[in-house]
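Structural features, examined
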Amino acid sequence: GSNPIYGYSHFNRQYDQHMREWFTDERIVKLLLDCQQAGINTWQYSFNYEQKRQIPKLRAAGCKMQFICLAASWHYDEKMAQTPEAVLEGTIKCAQAAAEFKPIGIAFHGGATDILYRAGKIDQLKTYIDRVHDMGILAGISTHNPKILETLHAKGFANDFYMAGLHYLTRQPEDWMRDIGTLPLGDGFIASDPPKMAEAIRKADKPTLVYKVLAAGRKCQSEKQKRQAIDWAFQNIKPTDVALIGLYPRYSDQVTETTKMVRESLAQNS
């Protein structure tokens, strides 16, 4: 994942800045090379104009990893309106810009998918899928809402993969009041979300990149807790799915630590 690299901490602005300041181009290159050395072969990132500088540096340093890009209208132009029509148009433009870096797949951002769904415009995703396929690239759809994943599965769109967050972070105030009975302070990570999304993921008939496995660091208070979260993810998703984990190796060798846990978890649960 790329949230730590580009400062999407899901905590606060200070931690966002903490991450962005540490992740220089040189440290990004080192992280990806360390991941490659540890056996990780794919990096999923959100589109960012800094990649015009960073990805050539990665390739020049010998990074052969596959790329999967997450595209959104606000990544292309943060000033674009967030109407369904503008979100679709801007996300297609974002995907076209991302194609320069030769990703194997480009996914429609979960927040953008949720906007179309709320507006009753989910079928517009077919246009996005066609445009990405026209570029010769796999097309993905991301969401934070298990109901949307169930809807996508039922509609049988021609996308190649899904991305699904274990935590429903795009609830609107009315959703919180209806379903939970109170409003959160900041991002709302609640324990009852992962089982609901995991059930929808298991029913989906396409590979799914499963994110927020560690709840944006909230399940990293100990090595035991982290291992339990990884175990839970692999026990509750399909064999064809992917556990997507963000790494911030500022204070420890998270690449080695995490890949060791994943290998042990897969061996134990195979």
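See the structure above.
No experiment lies behind these values; they were computed from the predicted model shown.

**Points about the packing of aromatic side chains**
Tallied over the entire structure, the rule returns 11 aromatic pairs. Taking the centre distance of 5.7 Å and the plane angle of 80° together, the rings of Trp 22 and Tyr 248 count as edge-to-face. Here Trp 22 is found in helix H2 (residues 13–22), whereas its partner Tyr 248 is found in the loop between strand E7 (242–243) and helix H13 (254–269), with 226 residues between them in sequence. Residue classification places Trp 22 among the buried positions, given a relative accessible area of 13%. Look at Tyr 248 and you get buried, because its relative accessible area is 8%. Here the aromatic rings of Trp 43 and Phe 67 are separated by 5.8 Å at their centres, their planes lie at 80°, and the arrangement is edge-to-face. With Trp 43 in strand E1 (residues 42–46) and Phe 67 in strand E2 (residues 66–71), the pair connects residues that are 24 residues apart, well separated along the chain. Residue Trp 43 shares its accessibility class with Phe 67, and that shared class is buried. Taken together, the aromatic side chains of Phe 11, Tyr 15, Trp 22, Phe 23 and Tyr 248 make up a single cluster linked through ring pairs. The ring of Phe 67 carries Arg 59 above its face, with NZ or CZ at 4.3 Å from the centroid. The ring of Trp 176 carries Arg 171 above its face, with NZ or CZ at 5.0 Å from the centroid.

Criteria and cut-off values
- Residues numbered from 1 in each chain as written.
- Predicted model: local features only at pLDDT ≥ 70, side-chain atom pairs only at ≥ 80, totals over all residues.
- Heavy atoms only, no water.
- Phe/Tyr/Trp six-rings, centres within 6.5 Å; stacked < 30°, edge-to-face > 60°.
- Helix = DSSP H or I, 4+ residues; strand = E, 2+ residues; numbered from the N terminus.
- Buried < 20%, exposed > 50% of the residue type's maximum accessible area, 1.4 Å probe, protein only.
- Lys NZ or Arg CZ within 6 Å of the ring centre and 35° of its normal.

In short, geometric facts, not functional conclusions.
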